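Inside the fold
Read off the chains here:
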Amino acid sequence: LSCHPLLAIARSREEAERKARAAASRVEEDFDAQRDRWLLGTPEDIRGQLQAFIDVGVTYWVIGMGAPFDLQGLELFANEVIPAFR
């Protein structure tokens, strides 16, 4: 089973939401209408969201960020989320 969420991760939930809103705006999408398509929040929040998907059987992800890529967010994801699932 696979999942294809978008990712907005930051040290605070407010900053993550700001990133998500900006990304949605760049492609003229309504963030509020698609909020449930996002992995959104702090590294701890994202770990919990991913675990919820794992708990229902998701084993593969294609995670989208959209350009321009958020390198700080990718580093947070790589360093503080992925290791929890190894």
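Before reading further, recall that the structure is shown in the block above.
Report follows, based on the coordinates. (Residues numbered from 1 in each chain as written. Predicted model: local features only at pLDDT ≥ 70, side-chain atom pairs only at ≥ 80, totals over all residues. Heavy atoms only, no water.)

Our focus in this paragraph is helix α1 (residues 13-26). For an α-helix, 3.6 residues make a turn, and residues three or four places apart therefore share a direction. Taking 1.5 Å of rise per residue, 14 residues should cover 20 Å, and α1 covers 20 Å from first to last C-alpha, within 8% of that figure. Every buried residue of α1 is listed here: Ala16, Lys19, Ala20, Ala23 and Ala24. Buried residues of α1, viewed axially, fall in a sector of 130°; they line one side. The elements touched by buried residues of α1 are β2 (6-9), β3 (38-41) and α3 (71-81). Directly beyond the C-terminal end of α1, a positive phi value near 55° is found at Glu28. (Helix = DSSP H or I, 4+ residues; strand = E, 2+ residues; numbered from the N terminus. Expected span 1.5 Å × (residues − 1). Buried < 20%, exposed > 50% of the residue type's maximum accessible area, 1.4 Å probe, protein only. Arc of directions from axis to C-beta. Contact = heavy atoms within 4.5 Å.)

The topology assignment puts Asp45 in helix α2 (residues 43-55). For Asp45, a relative accessible area of 14% corresponds to the buried category. Within the structure, Asp45 has its side chain in polar contact with the side chain of Arg13 (distance 2.8 Å). In this structure Asp45 touches Arg13 and Leu40, once residues within four positions along its chain are discounted. (Polar contact = N/O pair within 3.5 Å; in protein donor to acceptor, adjacent residues only side chain to side chain.)

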